[in-house]
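# Coordinates in review
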Amino acid sequence: MRFWLKIYERNDVMAVVSTRKDTSALTLTFVAEFEASIERVWQVWQDPRQLERWWGPPTWPATFDSHDFVVGGQSRYYMTGPEGEKALGWWTITAIDAPHRLEFDDGFSGADGEPDPAMKPIACVVTFETVDGKTRMTTVTRFVSVEHLEQVTAMGMEEGMRGAMGQIDALLAAASH
Amino acid sequence: MVVDTLSDAEVDRIFHALADATRRDIVTRVIHREQSVSMLAQHYAMSFAAVQKHVVVLERAALVTKERRGREQIVHGDRATLRKAARLLDAYEEIWRLRAQSIDEILAEDIREE
């Protein structure tokens, strides 16, 4: 639970600038700003060792077996759940303009680790810009199928629960002082 | 889980219905104000029958309801269904919040190492 307390303490420090959901177009726009250079923020996407530290939810950490960070490049990754279960996924990079723009498709794979043709991927467009000395990162995600959203949110929901538990933990700790 | 309020088949119908630009536009229009199918048809370069078909797809997804008023068919938006779809996006937004927090943690290590 300590880890969660740390995240919640940091919550007010981290700048989520805005989020916008267009329900009828099934898109989510998420904007965050980081106290780091644009090149440094680009690295957390480019370097698979850094990428796997944040791509999966904390209880579903990601491992990238391959990450070919060029246009047309493929990535293969899996996320490992609390019971040791594995969710296999892939990326195909569709556009790169370093360090300003990255576009890729993200989908789930079948048991063989290869893209499952029955499941449509989600399309992600990420842009980076320098604003007042910070790096603003905007991700626009467009869903075309329900399966992917349900799978990723199923994993995210668990995180939400743990987050709530972390908050309860903090309240109990405060109450005992 | 959030999606408990909708069955898989219901969510599938909503996603399929919203995958089309004309249908999204119809939803946006009738959410603001009820309209007849013939009024809607004036906005699009397609036949009345084609617009009618789009409305049927939206009806099946429970995004709109249709009622007959005299010779007109009036289309209403169903805000409750749209709200349910919004809840799915909420869950996804939470995942991005967690990701941004984790990136922030990684970047904070640079400062500590300096």
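Values in this document were obtained by computation on a predicted structure and should not be read as measured data.

The next thing to look at is the overall build of chain A. The number of helices and strands found in chain A is four helices and eight strands. Secondary structure elements of chain A occur, N-terminal to C-terminal, as α-β-β-α-α-β-β-β-β-β-β-α. Counting the 177 residues in chain A, one finds 46% classified as buried. The contacts of chain A with a sequence gap of at least 6 include a subset with a gap of at least 24, amounting to 43%. Accessible surface, chain A: about 8300 Å² in total, of which carbon and sulfur atoms supply 54%.

So, about the side chain of R23 of chain B. Residues and elements named next belong to chain B. In this fold, R23 is placed in helix 2 (residues 21–32). A polar contact of 3.1 Å, which involves the side chain of R23, links it to the side chain of H54. Setting aside residues no more than four positions away along its own chain, R23 makes contact with H16, A17, H54, V57 and L58.

As a further point, take the pairing of strand 3 (residues 72–77) of chain B. Residues and elements named next belong to chain B. With two bridges connecting them, strand 1 (residues 35–36) and strand 3 associate as antiparallel partners. Looking at strand 3, one finds that S36 is bridged to I74. Two elements, strand 2 (residues 64–69) and strand 3, share six bridges in a ladder whose sense is antiparallel. Opposite R68, over in strand 3, you have Q73 as the bridge partner.

Let us look at unusual backbone geometry. Glycine aside, residues mostly have negative phi, and peptide bonds are mostly found in the trans state. Going from A98 of chain A to P99 of chain A, the amide bond is cis rather than trans, its omega being -10°. Positionally, P99 of chain A belongs in the loop between strand 5 (86–97) and strand 6 (101–108). Phi at A62 of chain B is positive, roughly 60°, even though this residue is not glycine.

Residues and elements named next belong to chain B. Their axes nearest at 10 Å, the elements helix 2 and helix 4 (residues 48–60) cross at an angle of 75°. On the basis of their axis angle, the class for helix 2 and helix 4 is roughly perpendicular. In this structure, helix 2 contributes T22, R23, I26 and V27 to the contact, and helix 4 contributes V51, H54, V55, V57 and L58. Looking at the contact of helix 2 with helix 4 residue by residue, the class counts come to six nonpolar, two polar and one charged.

Moving on: the pattern of salt bridges. In the structure shown here, the tally under the stated rule is 12 salt bridges over all chains. A salt bridge links E52 of chain A to R49 of chain A; its shortest N-O distance comes to 2.7 Å. The class for E52 of chain A is buried, based on a relative accessible area of 18%. Judged by its relative accessible area of 44%, R49 of chain A is partly exposed. With its nearest N and O atoms 3.5 Å apart, the salt bridge here joins K66 of chain B to E59 of chain B. What makes E59 of chain B partly exposed here is its relative accessible area of 30%. Bridged by salt links that share partners, the residues E34, E67 and R69 of chain B form one connected network.

Let us look at the environment of E129 of chain A. All names here are of chain A. Among the secondary structure elements, E129 is positioned in strand 7 (residues 122–131). Overall, E129 belongs to the partly exposed group, its relative accessible area being 38%. Ignoring anything within four residues of it in the chain, the contact list for E129 reads I38, K134, T135, R136 and T138.

Moving on: the environment of P117 of chain A. Within the fold, P117 of chain A resides in the loop between strand 6 and strand 7. Distance from P117 of chain A to G107 of chain A, taken between C-alpha atoms, is 9.4 Å for residues 10 residues apart in sequence.

Attention now goes to the nonpolar core. Generally speaking, a soluble globular protein has its nonpolar side chains buried in company with each other. By size, the foremost hydrophobic cluster in this structure holds 62 residues, and its most contacted members are W45 and W55 of chain A together with W96 of chain B. The greatest single-element share of this core, amounting to nine residues, is contributed by helix 5 (residues 79–113) of chain B. Not counting the four nearest positions on each side in its chain, W96 of chain B is found in contact with L28, F30, W45, W54, W55, C124, M137, T139 and T141 of chain A.

This brings us to the pairing of strand 6 of chain A. Residues and elements named next belong to chain A. Two strands pair when backbone bridges link them, and strand 5 and strand 6 are joined in this way by eight bridges, in the antiparallel orientation. Within strand 6, the position partnered with D97 by the bridge is R101. Counting the residues in the hairpin turn of strand 5 and strand 6 gives three residues. Pairing analysis gives six bridges linking strand 6 to strand 7, with the strands arranged antiparallel. Bridge pairing in strand 7 links D105 to A123.

Conventions we followed
- Residues numbered from 1 in each chain as written.
- Chains lettered and ligands numbered in written order.
- Predicted model: local features only at pLDDT ≥ 70, side-chain atom pairs only at ≥ 80, totals over all residues.
- Heavy atoms only, no water.
- Helix = DSSP H or I, 4+ residues; strand = E, 2+ residues; numbered from the N terminus.
- Buried < 20%, exposed > 50% of the residue type's maximum accessible area, 1.4 Å probe, protein only.
- Contact = heavy atoms within 4.5 Å.
- Areas by Shrake-Rupley, 256 points an atom, 1.4 Å probe, with all protein chains shown as cover.
- Polar contact = N/O pair within 3.5 Å; in protein donor to acceptor, adjacent residues only side chain to side chain.
- Pairing = 2+ DSSP bridges.
- Axes fitted to C-alpha atoms, helices over the stretch in contact; angles between N-to-C directions.
- Parallel < 35°, antiparallel > 145°, perpendicular 65-115°, else oblique.
- Nonpolar A, V, L, I, M, F, W, Y, C, P; charged D, E, K, R; others polar.
- Salt bridge = Lys/Arg side-chain N within 4 Å of Asp/Glu carboxyl O.
- Core = buried A, V, L, I, M, F, W, Y, C linked by side-chain atoms within 4.5 Å.

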